[in-house]
Amino acid sequence: MEIDHMHSAISFLQGHANLGMGSWHLGQGRRSRDEEKAALLTGLQLGLSVIDTAEMYGDGLSEELIGDVLRDWPPSRPRPFLVSKVLPMHASRKGVVRAFEASAHKLGVDCIDLYLLHWRGNMPLAETVAAFEDLKTQGKIRHWGVSNFDTDDMQELWQVPGGRNCVVNQVLYNVFSRGIEYDLLPWCQKNGVTVMAYCPLGHGELIEHSLLAEIGDRHGVSASVVALAWALRSGKVLAIPESGSEDHIRDNARALQLKLGPEELALIDAASPPPRFKQPLDIL
Ligand SMILES: NC(=O)c1ccc[n+]([C@@H]2O[C@H](COP(=O)([O-])OP(=O)(O)OC[C@H]3O[C@@H](n4cnc5c(N)ncnc54)[C@H](OP(=O)(O)O)[C@@H]3O)[C@@H](O)[C@H]2O)c1
């Protein structure tokens with residue numbers, strides 16, 4: 001599939017599309033392993049080459065499933081871009097290294113493209129950043145970032161040695177949860193941090209939303225595709241919808257081709273107005 005220019009404009013992604021795949025509930029028996037593997041492999045074939053996982057997901061089962069998928073992915077094809085996360089309770093200098101080694105082993109790789117702190121815990125940020133920087137120097141990770149950081153957390157991170165090397169903040173963002181547009185999204189864009197939108201389908205709640213379905217009808221696509229195209233509309237946000245279904249992943253990939261018009265964006269604004277004051281970060 002040809003990747004639209006607008007959807008590969010994020011520099012550290014180096015040409016990977018900014019629509020990827022989540023995996024929180026995968027590898028845990030919701031569907032058969034073969035079905036979930038086929039779904040992820042289909043996504044990779046369609047250009048959804050960023051795969052998001054975490055040591056927390058199924059206590060490593062999600063990473064193991066992805067490891068299985070990678071073994072079935074032909075080495076001649078472009079290598080997927082892997083994202084994993086360390087739990088805050090493991091985010092000490094030594095704990096990060098141990099968590100990284102376990103994740104890399106389950107994924108069957110020597111290097112994780114992007115390694116995130118899953119959310120902020122009690123560990124001093126300076127310690128976690130130092131551990132991330134060590135892993136980067138050793139070539140074990142290419143980039144690092146954070147998740148569930150609000151604007152004040154990002155400002156604090158900016159004061160930590162090496163903190164400005166953070167490339168991503170992964171946060172909840174979708175049509176009906178757009179509080180970050182008030183200050184966090186502009187702050188991240190101004191400081192070169194890419195926002196990675198989790199729950200872009202509202203954890204499944206947007207897949208049948210009437211307005212999104214109505215807009216989708218005009219384009220012959222589903223409400224999910226409209227929700228994803230909306231999240232990607234600036235070309236600067238990366239979205240990671242999750243699905244264990246090949247059909248749903250085929251559906252979601254259509255968002256790479258859909259550009260919503262001003263009138264459609266206005267309809268969405270009327271149903272879910274942009275924030276006019278600071279709202280605390282939504283977290284799932
Ligand atoms: N950093 C964090 O703290 C954090 C928190 C939450 C999530 N995440 C990441 O973000 C990813 C996505 O978030 P999420 O899983 O919470 O929610 P989501 O992507 O908004 O929604 C996922 C749900 O939508 C369904 N779905 C997906 N595509 C569909 C389609 N085309 N048609 C119909 N149903 C569809 C999926 O079911 P099917 O499997 O049946 O398709 C699943 O139930 C996670 O997997 C995880 O990687 C990160």
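Since we're looking at a predicted model, the values are computed, not measured.

Enquirer: Please set out the overall build of the protein residue by residue, giving values where relevant.
Expert: Check the secondary structure of the protein and you find 10 helices and 7 strands. A compact globule built from 284 residues should have a C-alpha radius of gyration of about 19 Å, and the protein, at 18 Å, falls within 12% of that. Each of the three principal axes of the protein carries a C-alpha extent, and together these read 55 × 45 × 30 Å. Considering only intrachain contacts with a sequence separation of at least 6, the fraction spanning at least 24 residues in the protein is 79%.

Enquirer: Mind laying out the sheet that holds strand β5 (residues 168-172), listing which residues take part and the relevant values?
Expert: Pairing within the open sheet is parallel, and its 7 strands lie in the order β1-β2-β3-β4-β5-β6-β7. In this open sheet, the two strands that pair with only one neighbour each are β1 (50-52) and β7 (238-239). Bridging between strand β2 (residues 81-86) and strand β3 (residues 112-117) involves 4 bridges; their strand directions are parallel. By the bridge assignment, Val 83 is partnered in β3 with Leu 114.

Enquirer: Tell me what's going on with the UniProt feature "domain: NADP-dependent oxidoreductase" (unreviewed entry) in the protein, and back it up with residues and numbers.
Expert: If you check UniProt for "domain: NADP-dependent oxidoreductase" (unreviewed entry), the listed places come out as residues 19-271 in our numbering. In residues 19-271, the share of helix is 41% and the share of strand is 13%. The end C-alpha atoms are 24 Å apart.

Enquirer: How would you sum up the site of the ligand? Please name residues and give values.
Expert: Inspection of the region around the ligand gives 28 residues, with Gly 22, Tyr 198, Leu 201, Glu 242 and Ser 243 positioned closest. With 3 residues, the top contributor of residues to the shell around the ligand is helix α9 (residues 246-253). Of the residues in the shell around the ligand, the class split is 9 nonpolar, 16 polar and 3 charged.

Enquirer: Kindly report on the nonpolar core, identifying the contributing residues and their values.
Expert: Ranked by internal contacts, the top residues of the largest apolar core, which has 79 residues, are Tyr 115 and Ala 227. For this core, the element with the most residues is helix α8 (residues 223-231), which contributes 8 residues. Ignoring any residue separated from it by four or fewer positions in sequence, one finds Ala 227 in contact with Asn 174, Val 175, Pro 200, Leu 201, Leu 206 and Leu 212.

Enquirer: So what about the UniProt feature "active site" (unreviewed entry) in the protein? Which residues, and what values?
Expert: Per the UniProt record, "active site" (unreviewed entry) is found at Tyr 57. Position of Tyr 57 relative to the elements: it lies in the loop between β1 and α2 (61-72).

Enquirer: Could you give an account of helix α1 (residues 33-45), with specific residues and numbers?
Expert: Along its 13 residues, α1 runs 18 Å from first to last C-alpha, staying within 8% of the 18 Å computed at 1.5 Å per residue. Turning to α1, its buried residues are Glu 36, Lys 37, Ala 39, Leu 40, Gly 43 and Leu 44. End-on view of α1: buried residues confined to an arc of 160 degrees, all on one side of the axis. The outward face of α1, more than 90 degrees from its buried face, is lined by the exposed residues Asp 34 and Glu 35. Considering only its buried residues, α1 is in contact with α2 and α9. Backbone geometry just after α1 places Gly 47 at a positive phi near 95 degrees.

Rules used in this analysis
Numbers given to residues run from 1 along each chain, matching the order in which its sequence is written. It should be noted that, the model being predicted, local features are given only for residues of pLDDT at least 70 and side-chain atom pairs only at 80 or more, the latter also being counted only at that level, while totals for whole chains, interfaces and linings use all residues. Runs of E in the DSSP output that reach at least two residues are strands. Runs of H or I that reach at least four are helices, and both are numbered from the N terminus. Atoms counted for the radius of gyration: C-alpha only. Globule rule: 2.2 Å times residue count to the power 0.38. A pair of residues counts as a contact when their C-beta atoms, built from backbone coordinates, are within 7 Å of each other. Two strands qualify as a pair provided that DSSP identifies no fewer than 2 bridges between them. UniProt positions are given in the numbering used here, feature names are shortened, and annotations may be inferred rather than shown by experiment. What makes a residue near a molecule or strand is its C-beta atom, placed from the backbone, lying within 6 Å of it. Charged residues are taken to be Asp, Glu, Lys and Arg, nonpolar residues to be Ala, Val, Leu, Ile, Met, Phe, Trp, Tyr, Cys and Pro, and polar residues to be all remaining types, Gly included. For the purposes of this analysis, a nonpolar core is taken to be any set of buried Ala, Val, Leu, Ile, Met, Phe, Trp, Tyr and Cys residues that are connected through C-beta atoms within 7 Å. Exposure classes come from backbone-placed C-beta atoms, where a residue is buried if 20 or more other C-beta atoms lie within 10 Å of its own, exposed if 12 or fewer do, and partly exposed in between. To estimate how far a helix should extend, the number of its residues minus one is multiplied by 1.5 Å. It is the directions from the helix axis to the C-beta atoms that the arc portrays.

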